[in-house]
Amino acid sequence: MADEVVLLSSWFSPFGMRVQIALAEKGINYEFKEEDLRNKSPLLLQTNPIHKKVPVLIHNGKIICESLIAVEYIDEVWSDKSPLLPSDPYQRAYARFWADFIDAKMYQPGRKTWTTKGDEQEASKKEFLECFKLFEKQLGDKPYFNGDNFGFLDVAFIPLHCWFQVIETFGEFKLEEEFPKYFDWVKRCLQRESVSNTLPDQKKIYALACLRRKQFGLD
Amino acid sequence: MAADAGQVKLLGKWPSPFSNRVVLALKLKGVQYNYFEEDLSNKSEELLKSNPVHKKVPVLIHNGKPIAESLVILEYIDETWKSNPLLPDDPYQRASARFWARYLDEKCLPALWDAIWSDENGRAKAVEEAIANLKILENEIKDKRFFGGESIGLVDIAASFVGYWVGILQEIQGLELLTVEKFPKLVKWSEEFTSHPVIKEGLPPRDELFAFFNARATASK
């Protein structure tokens with residue numbers, strides 16, 4: 001019986017991209033259903049009534065919400081190919097801790113850096129850079145955040161890269177100068193088809209951000 | 001039967017439900033551990049060294065390696081000590097359990113906490129939000145004995161705040177959040193949960209928890 005895999009997401013959602021990359025790493029065919037987040041579909045509201053957010057993964061009718069949970073699910077179901085989480089419990093805990101850090105600490109300040117102005121923007125920018133610095137430090141001399149091989153933590157982080165140009169532009173700073181190792185890691189990840197086929201053009205993301213800023217009354 | 005622990009140390013705070021989650025998990029698995037009570041106004045060097053990112057408890061240190069964030073710690077414990085599994089084998093059920101544990105931390109517990117400590121101005125709205133979240137849990141527990149099914153699992157442990165702390169805190173604050181009239185299934189679950197022999201022994205004593213939070217409530221008035 002063939003697997004039926006559907007992903008509800010939005011082309012610009014870094015959280016959705018995590019799931020896309022994971023599915024691609026495992027070579028799984030799926031149907032991508034684009035959601036208009038300002039006009040949520042009945043399917044989205046029905047499958048994720050609590051959070052009403054993307055991404056939602058539907059596998060043979062089973063609903064999995066929350067991007068990191070979906071990535072772990074994918075890793076466990078299709079465990080025969082391209083393992084994403086390491087097998088050692090301590091390294092798994094490390095990956096989960098830092099993936100959680102991205103979502104709990106880095107994401108909101110990053111977002112606020114391009115969606116706010118004045119003092120709030122300054123404070124958000126500072127917080128974002130502190131978090132980014134701390135996270136980037138974890139790379140050390142490893143080729144990937146996950147270790148020797150591309151994995152869970154890389155999948156969790158790489159999609160945010162396509163939004164970083166937006167954060168840099170409106171936050172008025174440049175990451176490349178201070179974090180060359182990060183950019184080496186990005187290049188390494190982009191060599192993987194799963195990543196390069198998933199991440200949208202940064203120009204498209206930037207255009208979307210400009211549109212949103214106008215809508216928020218910032219520009 | 002005590003599982004081979006290696007060296008297990010827990011840095012915690014006894015009234016904290018997050019810290020207590022780790023205590024419950026270790027006890028369910030029969031893991032011997034050393035416990036260190038942190039004074040959060042004077043954090044130990046060990047805490048600052050082992051959780052430099054958040055500087056919070058709980059932190060589990062196993063054979064010298066630190067793990068922080070209670071849900072991350074619970075999964076680590078489950079993967080390291082195999083008896084009395086906290087997560088099922090099936091990937092979909094595991095994803096479901098993780099979803100509910102996350103939901104508790106991101107939505108449910110903050111809503112309950114806000115309602116409990118709300119002042120007159122914000123109370124009505126905060127209580128409404130808390131009730132809405134309890135309704136979600138009531139719908140999820142349904143007629144199961146535990147969130148984990150027949151045995152205690154990750155979600156039950158994550159929900160200990162609902163099953164134990166809320167009853168105590170709502171009494172202190174004179175609020176009616178988790179009541180048998182409104183949430184009969186959830187109340188039934190809380191009774192099953194707190195009367196489980198290992199859980200009962202692992203939870204902080206009721207009168208001490210009451211006294212601790214009552215003092216806090218009085219001090220904030």
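Small disclaimer: the values here were computed from a predicted structure and weren't measured. (Residues numbered from 1 in each chain as written. Chains lettered and ligands numbered in written order. Predicted model: local features only at pLDDT ≥ 70, side-chain atom pairs only at ≥ 80, totals over all residues. Heavy atoms only, no water.)

### Description of the sheet that holds strand S2 (residues 31-34) of chain A
In sheet architecture, strand pairing relies on hydrogen bonds along the backbone and comes in two forms, parallel and antiparallel.
All names here are of chain A.
Inference 1: Taken in spatial order, the 4 strands make up an open sheet running S2-S1-S3-S4, and their pairing is mixed. The sheet terminates laterally at S2 and strand S4 (62-65), the two strands that pair on one side only. Strand after strand, the sheet turns through a mean of 20° between neighbouring axes, direction not considered.
Inference 2: In terms of strand pairing, strand S1 (residues 5-9) meets S2 through 4 bridges, oriented parallel. (Pairing = 2+ DSSP bridges. Helix = DSSP H or I, 4+ residues; strand = E, 2+ residues; numbered from the N terminus. Axes fitted to C-alpha atoms, helices over the stretch in contact; angles between N-to-C directions.)

### Remarks on the sheet that holds strand S1 (residues 8-12) of chain B
Residues and elements named next belong to chain B.
Inference 1: An order of S2-S1-S3-S4 is seen for the 4 strands of this open sheet, with the pairing classed as mixed. Across the chains shown, the open sheet's two edge strands, defined by having one partner strand only, are strand S2 (34-37) and strand S4 (65-68). Between one strand and the next, the sheet's axes are offset by a mean angle of 20°, whatever the strand orientation.
Inference 2: Where strand S3 (residues 59-62) meets S4, 4 bridges bridge the pair, whose relative direction is antiparallel. From the neighbouring strand, Leu 60 faces S4, where its bridge partner is Ile 67.
Inference 3: Docked against the sheet, helix H1 (residues 17-28) engages S1, S2 and S3, running at close to 155° with respect to S1. (Contact = heavy atoms within 4.5 Å.)

### Here's the deal with the layout of surface pockets
Inference 1: Here the second largest pocket is characterised by a volume of approximately 360 Å³.
Inference 2: Along the wall of the second largest pocket there are 16 residues; nearest its centre are Thr47(A), Ile50(A), Phe99(B), Trp100(B) and Glu140(B).
Inference 3: For the lining of the second largest pocket, the elements supplying multiple residues, two or more each, are helix H2 (42-47) and S4 of chain A together with helix H4 (91-116) and helix H5 (120-141) of chain B.
Inference 4: In terms of residue count, H4(B) provides more of the lining of the second largest pocket than any other element does, 5 residues in total.
Inference 5: Grouping the amino acids of the lining of the second largest pocket by side-chain chemistry returns 10 nonpolar, 5 polar and 1 charged. (1 Å grid on protein atoms, 1.4 Å probe; cavity = no way out; pocket = protein on both sides within 12 Å on 5 of 7 lines; lining within 4 Å. Points joined across faces, edges and corners; volume = space filled by probe spheres on them. Nonpolar A, V, L, I, M, F, W, Y, C, P; charged D, E, K, R; others polar.)

### Let's talk about the domain arrangement of chain A
All names here are of chain A.
Inference 1: The domain boundaries assigned to chain A delineate domain 1 (5-77) and domain 2 (89-215).
Inference 2: Distance from the C-alpha centre of domain 1 to the C-alpha centre of domain 2: 20 Å.
Inference 3: Between domain 1 and domain 2, the contact holds 15 residues from the first and 26 residues from the second.
Inference 4: Taken together, the two surfaces of domain 1 and domain 2 that pack against each other cover about 1800 Å², and 68% of this comes from carbon and sulfur.
Inference 5: Three residues, Trp 11, Arg 18 and Ile 21, lead the burial of domain 1 against domain 2; their summed loss comes to 32% of the area buried on that side.
Inference 6: Between the two partners, domain 1 and domain 2, sit 3 salt bridges.
Inference 7: Two residues, Glu 72 and Arg 96, come together in a salt bridge whose shortest N-O distance is 3.0 Å.
Inference 8: Secondary structure elements with two or more residues in the side of domain 1 that touches domain 2: helix H1 (14-25) and helix H3 (67-77).
Inference 9: Considering each element in turn, the side of domain 1 that touches domain 2 owes the most residues, 9 residues, to H1.
Inference 10: By residue class, the composition of the side of domain 1 that touches domain 2 is 10 nonpolar, 1 polar and 4 charged. (Domains from an automatic or database assignment. Buried area = accessible area lost by both parts, 1.4 Å probe. Salt bridge = Lys/Arg side-chain N within 4 Å of Asp/Glu carboxyl O.)

### Notes on a nonpolar patch on the surface
All names here are of chain B.
Inference 1: The grouping of Trp 14, Tyr 35 and Phe 212 at the surface amounts to a nonpolar patch, some 250 Å² of accessible area in total.
Inference 2: Among the structural elements, Phe 212 can be located in helix H10 (residues 206-219).
Inference 3: Assessed through its relative accessible area of 32%, Phe 212 is described here as partly exposed. (Patch = residues over 30% accessible without salt bridge, like charges linked within 9 Å, V, L, I, M, F, W, Y side chains within 5 Å. Areas by Shrake-Rupley, 256 points an atom, 1.4 Å probe, with all protein chains shown as cover. Buried < 20%, exposed > 50% of the residue type's maximum accessible area, 1.4 Å probe, protein only.)

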